[in-house]
Amino acid sequence: MELLSQLFGTVLGVFRVFFLLIWIEPWTKNHSVKSQETALTYEEWYNWQFEWDAIHGVDDWLNLDRDSNYDWQILRTLKRDLERCRRLGDDRGLCNQLRAQSSRNVCRILSPALYRKSQIQTKRLIHEYIREVRQCIAHIADRHSFGSGGTTFVSSQEKRQVLNDMRTALGRTTLVLQGGAMVSMCHLGVVKALYLQGLLPQIITGTGSGSLIAALACVTPDEELPDVLSGANIKLDAFIRARMRRSTSRLSAWLGTSFIATIRRRYKRYRTKKHFFDIDILQECARENLGDITFEEAYAKTGRILNITIAMSEVAGTPQLLNYITAPHVLIWSAVMASIATSKQMYAPVHLLCKSDTGAITLYFAADCSVKGSRRPDSVHPEAPLQRIGELFNVNHFIVSQTRPYVGPFIDLQRAADHHQPLGVLVRFCLGEALHWLEILNAFALLPTFLQRVLMDEVVPSFASWSKISITPQLRPGDVFRLFDTPTEARLQEWTLRGERCTWPYICELRCRCDIEMTLEAAYARVRRRALAAINPT
């Protein structure tokens, strides 16, 4: 017993030191914190961070290739081989080199320690290698089919095959927007920051309230997307009409904006209708912004692949992951409602709607269904949605915008602990052990429904440490009381800016993760268009 008491005291003391370090660290990085809280654009924030790196001598570390966190000697050799083949015009050798290097984490360039020294840059050798790979891909895609000098013939068909094989080996990226009530409006800023930097993936996945932002990004053409992501072109008339309906008298108009009146109204709704929130208002808002467009029509319109996860019984036959392959004719706004209204206590049951061949809107499947006599009537699909996305679209890399208030703090805790090794190892062990016990409890049907769905949403179909990167906004204590506030244009812009600011520190790492993939997709599209034009010149 005395041994356990001493062990418990030691662990408690370690955590006290850890929290003390977290408290002191912002004061030691005052310039960096201030720049992130006051900057309005990425360029302004980047310039401040660049000055910070120069003052603290980070440039010396950047220019030094040698580092134990990645295989710098092998990476330097690979870069030289690519450069030699490209300059000599050896297309055959260049194709072989690119095939052999079709890995996102080649030579461990995605090691987390390489991106903690600076928030805007990493080893110069890594940047130069990625730049060289992108130049080689463009060289293969845009070069004439015949090599120069003594090089061998490389046909256009073989080039397409090389690029396609690289795409398959490298894998694809999806942006996952998790739910989080009002905090999920940060997703607007995350999508905007990625779009402006050319890092927005073609595949976007939405869960809960995050599905609304994902749908907006996937149904809006590129020329209109910046205005929508800034919050200016999002229609909030449904909430204004609802507020006007409640303002029938001067007293109710005054109480309508108070916290007590909101609690009273939702309590009364639960007493009469057995749920807290009015899904009809949100449904009007979603339909006005999205329109009656299906998954298939959205893909044809923008080229972006929208995935929406819903929680349904497996027996119902409706896929839990909805996209243009599994549910091409389902209306997107109805899928958004089904993804949000996963709790009977929070929202009224909703239904999935589809568009028939004649354009008529008909019932698809009920989104609120259960198995009679089942011990777990609200059980979720046994297959994780992110795993299903990997199977359908060859996705092996996930950018998760995490806005769930009960998950984000643990991610921030883990990220802060990683800066103070070996404390980071201890925190990762504790969090991993807690997740393991939750999985065991879930296997014995001892977890509530919402925790089951959280576990399913968080499962990434890869054990590689680089397969997932999480972006979390900085939450304030007062944000907890604003989770279910009525959205306004001013609040949308506020949350959008907070979403942008929390994304900027990840831009450098995301470039190293996704630049080759983006270049490869564009090169393959150009080669494929030329091949189609050669077949059908008209």
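The notes below deal with the structure included here. Since we're looking at a predicted model, the values are computed, not measured.

Here's the deal with the overall build of the protein chain
Move 1: From N to C terminus, the protein chain includes 23 helices and eight strands.
Move 2: A burial count over the protein chain gives 46% of its 538 residues as buried.
Move 3: Within the protein chain, residue pairs in contact and separated by at least 24 positions form 77% of the contacts whose partners lie at least 6 positions apart.
Move 4: Just so you have it, the protein chain exposes about 27200 Å², and 57% of that area is on carbon and sulfur atoms.

Here we look at unusual backbone geometry
Move 1: Positive phi, normally seen in glycine, also occurs at cysteine 107, with a value near 55°.
Move 2: With respect to the element layout, cysteine 107 can be found in the loop between helix H6 (91-100) and helix H7 (124-142).
Move 3: The phi dihedral of asparagine 394 falls on the positive side, at around 55°, and the residue is not glycine.
Move 4: Considering the arrangement of structural elements, one finds asparagine 394 in the loop between helix H18 (385-393) and strand E7 (395-401).

Digging into the sheet that holds strand E4 (residues 321-322)
Move 1: Read from one edge to the other, the open sheet built from six strands follows the order E4-E3-E2-E1-E7-E8, with strand pairing classed as mixed. Strand pairing shows two members of the sheet lacking a second neighbour, E4 and strand E8 (468-471), which therefore form its edges.
Move 2: Sheet topology places strand E1 (residues 172-177) next to E7; six bridges connect them, and they run parallel. Its bridge partner being in E7, arginine 172 is matched across the sheet by valine 395.

Regarding the side chain of serine 111
Move 1: Of note, serine 111 is situated in the loop between H6 and H7.
Move 2: According to the relative accessible area criterion, serine 111 is buried, its value standing at 14%.
Move 3: Apart from residues lying up to four places away in sequence, serine 111 is in contact with Asn69 and Asn105.

With respect to the packing of aromatic side chains
Move 1: In the structure shown here, the tally under the stated rule is seven aromatic pairs.
Move 2: Pairing tryptophan 45 with tryptophan 504 gives two aromatic rings, centres 6.1 Å apart and planes at 35°, and the pair type is tilted. Note that tryptophan 45 is positioned in helix H3 (residues 42-55) and tryptophan 504 in the loop between helix H22 (489-503) and helix H23 (507-535), a separation of 459 residues in sequence.
Move 3: The exposure class assigned to tryptophan 45 is buried, which follows from its relative accessible area of 0%.
Move 4: One Lys or Arg, arginine 167, reaches over the ring of tyrosine 524 and ends 4.4 Å from the middle of that ring.

Some remarks on the nonpolar core
Move 1: Of all hydrophobic cores here, the largest spans 73 residues; its most connected members are Leu290, Ile332, Val336 and Met337.
Move 2: Examining the composition of this core, we find that eight residues originate from one element, helix H10 (residues 210-219), more than from any other.
Move 3: Of the domains in this structure, domain 1 (40-145 + 152-170 + 518-535) and domain 2 (173-248 + 258-369 + 381-402 + 463-504) are the two that each give at least three residues to this core.
Move 4: Leave out the neighbours within four places in its chain, and leucine 290 touches Leu212, Ala215, Leu216, Val219, Ile332, Trp333 and Val336.
Move 5: The next biggest cluster of nonpolar side chains, apart from the first, holds 40 residues, and it includes Cys95, Ile126, Val133 and Ile516.

Things to note about helix H9 (residues 186-196)
Move 1: In terms of burial, H9 is a largely internal element, nine of the 11 residues being buried.
Move 2: Count one or two residues on from H9 and you reach glycine 198, which has phi positive near 70°.

Details of helix H16 (residues 295-302)
Count 3.6 residues to each turn of an α-helix, and residues three or four apart come out pointing the same way.
Move 1: Every buried residue belonging to H16 is among Phe295, Ala298 and Thr302, and all of these are buried. Down the axis of H16, the buried set is contained in an arc of 60°. They therefore lie on one face.
Move 2: Summarising the contacts, the buried residues of H16 are in contact with H10, strand E3 (305-309), E4 and helix H17 (332-340).

Observations regarding empty space enclosed by the protein
Move 1: Under the definition given, this model contains four cavities of 30 Å³ or more.
Move 2: Considering only enclosed or pocket space, the second largest cavity measures out at about 70 Å³ in volume.
Move 3: Lining the second largest cavity are Leu98, Gln101, Ser102, Ser103, Tyr129, Val133, Met166, Leu170, Ile516 and Leu520.
Move 4: Listing elements by their share of the lining of the second largest cavity, those giving two or more residues are H7, helix H8 (156-170) and H23.
Move 5: Looking at the lining of the second largest cavity residue by residue, the classes come out as seven nonpolar, three polar and no charged.

Here's the deal with the environment of alanine 215
Move 1: Along the chain, the position of alanine 215 falls in helix H10.
Move 2: Relative accessible area serves as the criterion here: at 0%, alanine 215 is assigned to the buried category.
Move 3: Measuring from C-alpha to C-alpha, the distance between alanine 215 and phenylalanine 295 comes to 9.3 Å, with 80 residues separating the pair along the chain.

Overview of the environment of alanine 217
Move 1: Within the fold, alanine 217 resides in helix H10.
Move 2: Taking the C-alpha atoms as reference, alanine 217 lies 8.2 Å from valine 228; in sequence the two are 11 residues apart.
Move 3: Beyond its immediate stretch of four places on either side in the chain, alanine 217 contacts Val191, Ile204, Leu225 and Arg304.

Comments concerning the pattern of salt bridges
Any two side chains of opposite charge can pair if their charged atoms end up close together.
Move 1: Counted according to the given criterion, the structure contains 21 salt bridges.
Move 2: Among the ionic pairs, arginine 526 bridges to aspartate 142, the shortest N-O distance being 3.1 Å. Residue arginine 526 is located in helix H23, and its partner aspartate 142 is located in helix H7; the two are separated by 384 residues in the primary sequence.
Move 3: Arginine 287 serves as the salt-bridge partner of aspartate 292, at 3.0 Å between the closest nitrogen and oxygen.

Analysis parameters
- Residues numbered from 1 in each chain as written.
- Predicted model: local features only at pLDDT ≥ 70, side-chain atom pairs only at ≥ 80, totals over all residues.
- Heavy atoms only, no water.
- Helix = DSSP H or I, 4+ residues; strand = E, 2+ residues; numbered from the N terminus.
- Buried < 20%, exposed > 50% of the residue type's maximum accessible area, 1.4 Å probe, protein only.
- Contact = heavy atoms within 4.5 Å.
- Areas by Shrake-Rupley, 256 points an atom, 1.4 Å probe, with all protein chains shown as cover.
- Pairing = 2+ DSSP bridges.
- Phe/Tyr/Trp six-rings, centres within 6.5 Å; stacked < 30°, edge-to-face > 60°.
- Lys NZ or Arg CZ within 6 Å of the ring centre and 35° of its normal.
- Core = buried A, V, L, I, M, F, W, Y, C linked by side-chain atoms within 4.5 Å.
- Domains from an automatic or database assignment.
- Arc of directions from axis to C-beta.
- 1 Å grid on protein atoms, 1.4 Å probe; cavity = no way out; pocket = protein on both sides within 12 Å on 5 of 7 lines; lining within 4 Å.
- Points joined across faces, edges and corners; volume = space filled by probe spheres on them.
- Nonpolar A, V, L, I, M, F, W, Y, C, P; charged D, E, K, R; others polar.
- Salt bridge = Lys/Arg side-chain N within 4 Å of Asp/Glu carboxyl O.

So, to be careful, I would describe these as geometric facts and stop short of saying anything about function.
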